[in-house]
Protein chains: 2
Amino acid sequence: MNIVLFRDCQVRVMEDTVTNTEKYFGQFCLLLAAYTRKTARLRDKADKLVKQLIDFANTENLEMRTTLRNFAEDLAKVQDYRQAEVERLEFKVVNPLKLYGTQIKQTQAEIKKFKRVRNHEIKQLEKLEKLRQKSPSDRQMISQAETCVQRASVDAGRTTHQLEETVDAFQKQKLKDLQKILSDFVTIEMVFHAKAVEVYSSAFQTLERYDPERDLEDFRAKMHGVHRPHGPRDARPLTDTGPAAAAPWSLAQSAQSTMRSHRKAAASEDSSAVEDPVEDLRGQGQGLHH
Amino acid sequence: MNIVLFRDCQVRVMEDTVTNTEKYFGQFCLLLAAYTRKTARLRDKADKLVKQLIDFANTENLEMRTTLRNFAEDLAKVQDYRQAEVERLEFKVVNPLKLYGTQIKQTQAEIKKFKRVRNHEIKQLEKLEKLRQKSPSDRQMISQAETCVQRASVDAGRTTHQLEETVDAFQKQKLKDLQKILSDFVTIEMVFHAKAVEVYSSAFQTLERYDPERDLEDFRAKMHGVHRPHGPRDARPLTDTGPAAAAPWSLAQSAQSTMRSHRKAAASEDSSAVEDPVEDLRGQGQGLHH
């Protein structure tokens, strides 16, 4: 009976492996899909913020308008990268985990097949035991039963061997796939975060350059209308508050439109980078770590 | 009547400014609070993934167990930084925007006060007009009405001047605050993304180092139990599949415990960095962009 017990033990190891894979890969799939969805929600909120920032920019004076538009463009660019992150996570992380279900089902079918063969072997052994106890002198019957046990044992041995090979291949594939899926996850995240740092650095500089003084002069002029009939403030020329306000309005306006078209070009250049083939990711990821 | 029309125009500029600020700062506050909440949800999902990864690691063989634990630790570290991001966004971005409500209410109260004074002025002017039409000869009444108009006009002028100063200060503060709040947002995001790149680089290396061969040998040995009674594979020594499986089990085990304690130390070092005072952010952010 030792060989049967051993096979039971063997199949328990294999069953546990497949069951654990089913359980945890299922969890990984659900959680990474949820993670991807939450990332998409974050992108949606930021997109709404971009829209509000642009709307608000249109109610502001030149400097703040330019600053807010540039800032909103950078924020939108980060969301483009987040969108690429979402698509890549779906494609390279969530989908491969989803497809794992099929592979697991096949291996579980092989385990069931083994169990059927093993139960047959046990029945033959039990039959032989009973015969040996009840009719120990019936040599012919015992010999027949022994042949049945032998046949069942050979069957079980062959099925065990097949199962072993299947589970071995399954385990090998599983370990490699998990390594690949997690590496892809890390690479996708790393590329996104690196791009975000890059874009936010530019956004930070945009905000640092902002000087409220010129806008305040514009605002005061608007508040006092074309008439400017009272108050000592109206006596001062617009360029009177220091070097910050020195650039005339018309000059600043043309500078703004130049900056806008320049940024647009930079954004479209970058968005082509966002659409890089996903296969490119590995290379990008490897470039990042040292 | 020109001066009154002009004041109407003036107050419309001021009213629009305050109304727009109320509308858009309210939107910014809601959207950035939602952005912060979604970030916290993302952290929650990743935390659950960390837990499942560790649970799964405990069902795996040595190499994958170590790899998954180290990977889970890195993923958890990113969530610690995300938690710091959430707290900083609440403190430096959402709260200041929330507090803006009070400032807006005060300025709106001043505008209302101006409107009352302005309406009084208009009434006095209308009264004077009527008198001039109905009783153009009643010099005394007209003179009285003229004094009333004059007084109302002086009042309106003074209130306009006060309002102008209030709105001027409001606008100045608003521009500076918006610049500060957006800069803080960018800095917080930039610090988080930079930390994430750093931690994921380490996670990537952990995954790259993983070699499934040793685990497969362990798995095969487990599958064949202590008996190893059949199959050609059992005849081979454990170290027979090439140089990858050369390290004996016991040696690998001690290497694992060393790695674990080392990583723990590194993680606690890093978590102290997460608790850096928020004031530190600006410096960190400035260090990042070039």
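Note that this is a predicted model, so its numbers are computed, not measured.

**Some details on the overall build of chain A**
The helix and strand tally for chain A stands at six helices and zero strands. Tracing chain A from N to C terminus, the helices and strands come up as α-α-α-α-α-α. Counting across all 290 residues of chain A, residues that qualify as buried make up 47%. Within chain A, counting contacts between residues at least 6 apart in sequence, those at least 24 apart form 85% of the total. Accessible surface for chain A amounts to roughly 14100 Å². Of this, 53% is attributable to carbon and sulfur atoms.

**Here's the deal with the nonpolar core**
Core analysis: the biggest nonpolar cluster contains 115 residues, and A:F28, A:F185, A:Y200, B:F28, B:F185 and B:Y200 have the highest contact counts within it. Elements represented by at least two residues in this core include exactly helix 1 (2–57), helix 2 (62–134), helix 3 (139–209) and helix 4 (212–223) of chain A together with helix 1 (2–57), helix 2 (62–134), helix 3 (139–209) and helix 4 (212–223) of chain B.

**Brief notes about the packing of aromatic side chains**
Under the counting rule described, the total for this entry stands at 14 aromatic pairs over all chains. Taking the centre distance of 5.6 Å and the plane angle of 85 degrees together, the rings of A:F28 and B:F56 count as edge-to-face. Residue A:F28 is located in helix 1, and its partner B:F56 is located in helix 1; the two belong to separate chains. With a relative accessible area of 2%, A:F28 lands in the buried category. Owing to a relative accessible area of 0%, B:F56 belongs among the buried residues under this scheme. Taking 4.9 Å as the distance between ring centres and 50 degrees as the angle between the ring planes, the aromatic pair formed by B:F25 and B:Y100 counts as tilted.

**Here we look at the relation of the copies chain B and chain A**
By a simple turn and slide, chain B fits onto chain A: the slide is 0.0 Å along the axis, the RMSD is 0.2 Å, and the turn is 180 degrees. Each copy turns onto its partner about a two-fold axis. Identified as the residue of chain B closest to the rotation axis by C-alpha distance is B:H193, at 2.5 Å.

**Overview of the interface of chain B and chain A**
Often, the extent of an interface is quoted as the loss of accessible area upon association of its parts. With 86 residues of chain B in contact, the opposing surface of chain A contributes 88 residues. Buried area between chain B and chain A, both sides added, is near 8100 Å², and the carbon and sulfur share of it is 73%. Inspection of the region where chain B meets chain A yields four salt bridges. With a shortest N-O distance of 2.5 Å, B:R220 and A:D168 are connected by a salt bridge.

**Looking at the packing of helix 2 of chain A against helix 3 of chain B**
Interaxial distance between helix 2 of chain A and helix 3 of chain B falls to 12 Å at its minimum, and their mutual angle equals 15 degrees. In terms of orientation, helix 2 of chain A and helix 3 of chain B fall into the roughly parallel class. Crossing of helix 2 of chain A against helix 3 of chain B: the hand is left-handed. Every residue of helix 3 of chain B that contacts helix 2 of chain A at A:M64, A:L68, A:F71 and A:L75 is listed here: B:L175, B:L178, B:Q179, B:L182, B:F185 and B:V186.

**Here's the deal with the pattern of salt bridges**
All names here are of chain A. Inspection of the entire model under this criterion finds 28 salt bridges over all chains. Between E22 and K105 there is a salt bridge, and its shortest N-O distance comes to 2.9 Å. Taken together, the positions of E22 in helix 1 and K105 in helix 2 put the pair 83 residues apart, joining distant regions of the chain. Given a relative accessible area of 48%, K105 falls into the partly exposed group.

**Some words on the environment of A:I142**
Residue and element names in this part refer to chain A. Along the chain, the position of I142 falls in helix 3. Each C-alpha atom of the pair I142 and K45 lies 78 Å from the other, and the pair is 97 residues apart in sequence. Residue contacts for I142: discarding those within four places in its chain leaves L128, L131, R132, S135 and P136.

**A look at helix 4 of chain B**
All names here are of chain B. In a regular helix each residue adds 1.5 Å, so twelve residues correspond to 16 Å; helix 4 covers 16 Å between its end C-alpha atoms and thus fits that length. Buried within helix 4 we find P212, D215, L216, E217, D218, F219, R220, A221 and M223. Capping of helix 4 at its N-terminal end is provided by D211; its side-chain oxygen lies 3.1 Å from the backbone amide nitrogen of E213.

**What to know about the confidence of the model for chain A**
Residues and elements named next belong to chain A. This prediction gives chain A a mean pLDDT of 79; 76% of its residues lie at or above 70. For chain A, the element scoring lowest by mean pLDDT is helix 5 (residues 249–274), at 35; helix 2 scores highest, at 93. Low pLDDT, under 50, characterises residues 226–290; the predicted model gives this stretch 86 contacts beyond four residues in sequence or across chains.

**A look at the environment of B:F91**
Position of B:F91 relative to the elements: it lies in helix 2. A sequence separation of 57 residues divides B:F91 from B:A34, and the C-alpha atoms of the two residues are 14 Å apart.

Each value, and the rule that gives it
- Residues numbered from 1 in each chain as written.
- Chains lettered and ligands numbered in written order.
- Predicted model: local features only at pLDDT ≥ 70, side-chain atom pairs only at ≥ 80, totals over all residues.
- Heavy atoms only, no water.
- Helix = DSSP H or I, 4+ residues; strand = E, 2+ residues; numbered from the N terminus.
- Buried < 20%, exposed > 50% of the residue type's maximum accessible area, 1.4 Å probe, protein only.
- Contact = heavy atoms within 4.5 Å.
- Areas by Shrake-Rupley, 256 points an atom, 1.4 Å probe, with all protein chains shown as cover.
- Core = buried A, V, L, I, M, F, W, Y, C linked by side-chain atoms within 4.5 Å.
- Phe/Tyr/Trp six-rings, centres within 6.5 Å; stacked < 30°, edge-to-face > 60°.
- Least-squares fit on C-alpha atoms with pLDDT ≥ 70 in both.
- Buried area = accessible area lost by both parts, 1.4 Å probe.
- Salt bridge = Lys/Arg side-chain N within 4 Å of Asp/Glu carboxyl O.
- Axes fitted to C-alpha atoms, helices over the stretch in contact; angles between N-to-C directions.
- Parallel < 35°, antiparallel > 145°, perpendicular 65-115°, else oblique.
- Left-handed = near helix turned anticlockwise from the far one by under 90°.
- Expected span 1.5 Å × (residues − 1).
- Polar contact = N/O pair within 3.5 Å; in protein donor to acceptor, adjacent residues only side chain to side chain.
- pLDDT = per-residue confidence, 0-100.

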